[in-house]
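Structural features, examined
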Amino acid sequence: MTFDYVVDPSEPERAGRASTKFKGVLKELGVSPKVIRALSIAMYEGEINMVIHANGGTIHCDVDSDKIRVIMADSGPGIPELDKAMQPGWSTASTEARELGFGAGMGLPNIKKWSDNLTVDTKVGVGTTLTMEFNLQ
Amino acid sequence: MVVRDLLKIEDLKVAVEGDLDLNVACGYMGDLLSVVMGYAEEESAWITIQSHVNIVAVAALRGVSAIIIAHGFEPDEDTVETAKDENITILTTPLNPFEIAKKLVEIGL
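Now for a look at the structure at hand.

Cut-offs and rules
Residues numbered from 1 in each chain as written. Chains lettered and ligands numbered in written order. Predicted model: local features only at pLDDT ≥ 70, side-chain atom pairs only at ≥ 80, totals over all residues. Pairing = 2+ DSSP bridges. Helix = DSSP H or I, 4+ residues; strand = E, 2+ residues; numbered from the N terminus. Axes fitted to C-alpha atoms, helices over the stretch in contact; angles between N-to-C directions. Contact = placed C-beta atoms within 7 Å. Nonpolar A, V, L, I, M, F, W, Y, C, P; charged D, E, K, R; others polar. Buried ≥ 20, exposed ≤ 12 C-beta atoms within 10 Å, placed from the backbone. Right-handed = clockwise from strand over helix to strand, strands pointing away.

This part takes up the sheet that holds strand β4 (residues 117-123) of chain A. Sheets are built from strands paired through backbone hydrogen bonds, the pairs being either parallel or antiparallel. All names here are of chain A. Strands sit in the order β1-β2-β3-β5-β4 across an open sheet of five strands; the sheet is antiparallel. One side of each edge strand has no neighbouring strand; the edge strands of this open sheet are β1 (2-7) and β4. Each strand axis lies, on average, 10° off the axis of its neighbour in the sheet, ignoring direction. Pairing of strand β3 (residues 67-74) with strand β5 (residues 127-135), which is carried by eight bridges, proceeds in the antiparallel orientation. Its bridge partner being in β5, Arg 69 is matched across the sheet by Glu 133.

As structure tokens, then:
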């Protein structure tokens with residue numbers, strides 16, 4: 001089963017809609033609360049990143065019998081220093097984003113922590129695609 | 001204790017009444033949403049000074065039992081509406097985060 005979402009960057013204070021929607025879908029599908037929690041946190045962080053750094057993007061979710069794969073793709077600026085971006089506390093977020101409580105430098109570290117597998121494909125000036133996987137068994 | 005028990009504290013007012021029977025197991029204090037997302041425990045009473053709508057998403061996704069907005073800040077209209085939809089309780093207090101945390105400890109949290 002697949003589900004697709006578009007992340008609208010125009011209202012940063014409303015980011016998190018897609019994660020909340022997909023969380024509802026997973027509940028209806030009877031996915032375990034533990035997996036739902038991990039997935040929704042990771043997806044929310046990805047969504048926030050898309051809004052504050054990348055001018056939005058698209059999310060494609062694949063639900064299989066043994067795992068759920070969430071692919072989050074944007075055409076943003078790319079991540080020039082990925083190793084630093086993976087460190088908790090390192091952030092390039094704007095003052096405006098920080099005033100909303102974003103930009104703590106915990107986005108990618110949280111995604112890595114809560115997903116079972118994370119691949120970051122990023123190219124400066126082209127964009128970033130995160131592929132995260134969550135095991136169902 | 002459940003969310004309803006928090007209302008014993010006179011300095012707390014209900015801004016949005018969600019499920020008052022949700023268990024409250026612990027507290028968390030923080031204004032950086034990703035830090036809250038990464039470290040807050042489920043069933044927390046979460047003290048923050050943020051009042052915009054994203055606190056509802058964080059609370060809903062993280063499994064926070066109640067949001068306490070400190071320092072006399074009031075939730076935005078959007079925040080109130082979304083919290084109603086998500087059945088998340090929002091309380092407000094004129095106290096600062098540390099003072100309200102002390103009160104929570106005093107009632108046994």
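Structure shown, so let's carry the discussion forward.
Our next topic: the interface of chain A and chain B. At the interface, 20 residues of chain A touch 16 residues of chain B. Breaking the side of chain A that touches chain B down by element, the ones donating at least two residues are α1 (17-29), α2 (33-53) and α5 (107-114) of chain A. The residue makeup of the side of chain A that touches chain B, split by class, is seven nonpolar, seven polar and six charged.

So, on to the pairing of strand β3 (residues 44-48) of chain B. Residues and elements named next belong to chain B. Most of β3 sits inside the fold, with five of its five residues counted as buried. By the alternation rule, side chains of β3 split into Ser 44, Trp 46 and Thr 48 and Ala 45 and Ile 47, which are all buried. In terms of strand pairing, strand β2 (residues 26-29) meets β3 through four bridges, oriented parallel. Bridge pairing in β3 links Met 29 to Ile 47. With helix α2 (residues 33-39) bridging β2 and its parallel neighbour β3, the resulting β-α-β unit is right-handed.

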